[in-house]
Amino acid sequence: MKRILLAILTVLTLVSCGDNHFATWRGFNDKWYDDYRANGVGQDAEVIRTEILPSGVIIESYHDGFGAIPKAAKDPVTGKSSEVYVCMEGHLVDGSLFLMRGTTSYSVSDLIPGLCEAFKLMRQGSHWKVTVPYSMGYDSEGSSSSSEQNIFNVPPYSVLIFDIELIDVTNY
């Protein structure tokens, strides 16, 4: 509960500050991402494989599954992309939680570009940590609150860190 309140307080403070203060937040996120990419990737003893994609998305695998791989592109007949059923949590680089751990399903094509890119490589049964640079996340726009999916406001220029377990894939 304290983490949720801290996250809400952090976001409200940043949102009320205006663009000048987002420059500080952007600098903090840039530095954190650069330091993590240079020194932190793969340092967790439980990580079995790491990969940095050309877009900057960082994948750290705790377990690679053997099931289906989701497709992000929409099927020309049905107009749907793959649906993924996941157990997922998301937080910012300061530890603020913006997506509470829980199981839910998403259409891959409706996700932020960084997650869409990661899911196209992730097999059903995998458990990954995915770090998304802000350019592949909500970028300079940030995100608004959605009580339906327990997502709190994400400030502009936020690096996003997801812990994802891919439970099931449909329309693959």
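Fair warning: this is a prediction, and the values are worked out from it, not measured in the lab. (Residues numbered from 1 in each chain as written. Predicted model: local features only at pLDDT ≥ 70, side-chain atom pairs only at ≥ 80, totals over all residues. Heavy atoms only, no water.)

Some points on the pattern of salt bridges
No. 1: All chains considered together, the criterion is met by six salt bridges.
No. 2: Residue Arg101 pairs with Asp163 through a salt bridge whose shortest N-O separation is 2.7 Å. A residue pair is termed long-range when its members are at least 10 positions apart, and Arg101 in strand 4 (residues 97–107) and Asp163 in strand 6 (residues 160–170) qualify at 62 residues.
No. 3: Residue classification places Arg101 among the partly exposed positions, given a relative accessible area of 39%. (Salt bridge = Lys/Arg side-chain N within 4 Å of Asp/Glu carboxyl O. Helix = DSSP H or I, 4+ residues; strand = E, 2+ residues; numbered from the N terminus. Buried < 20%, exposed > 50% of the residue type's maximum accessible area, 1.4 Å probe, protein only.)

Focus: the environment of Ser143
No. 1: Relative to the helices and strands, Ser143 is located in the loop between strand 5 (127–132) and strand 6.
No. 2: With 15 residues separating them in the primary sequence, Ser143 and Ser158 have C-alpha atoms 9.9 Å apart.

Details of unusual backbone geometry
Most peptide bonds take the trans form, and the phi angle of most residues other than glycine is negative.
No. 1: Unusually for a residue other than glycine, Asp139 sits at a positive phi of about 50°.
No. 2: Along the chain, Asp139 falls in the loop between strand 5 and strand 6.
No. 3: For Asp139, a relative accessible area of 34% corresponds to the partly exposed category.
No. 4: Despite not being glycine, Tyr157 shows a phi value in the positive range, around 65°.
No. 5: Its location among the elements puts Tyr157 in the loop between strand 5 and strand 6.
No. 6: Tyr157 sits in the buried class, given a relative accessible area of 18%.

Let's talk about the packing of aromatic side chains
No. 1: Per the counting criterion, the structure on display carries four aromatic pairs.
No. 2: With centroids separated by 4.9 Å and ring planes inclined at 10°, the aromatic side chains of Trp32 and Tyr36 adopt a geometry described as stacked. Linking Trp32 with Tyr36, this pair stays in helix 2 (residues 19–40), spanning four residues, or about one helical turn.
No. 3: For Trp32, a relative accessible area of 22% puts it in the partly exposed group.
No. 4: With a relative accessible area of 13%, Tyr36 lands in the buried category.
No. 5: Between Tyr134 and Tyr157, the aromatic rings sit 5.4 Å apart at their centres with planes inclined by 90°, giving edge-to-face as the arrangement. Here Tyr157 lies in the loop between strand 5 and strand 6 and Tyr134 lies in the loop between strand 5 and strand 6, a separation of 23 residues in the sequence.
No. 6: A relative accessible area of 11% means that Tyr134 is categorised as buried. (Phe/Tyr/Trp six-rings, centres within 6.5 Å; stacked < 30°, edge-to-face > 60°.)

Taken by themselves, the reported measurements are silent on function.
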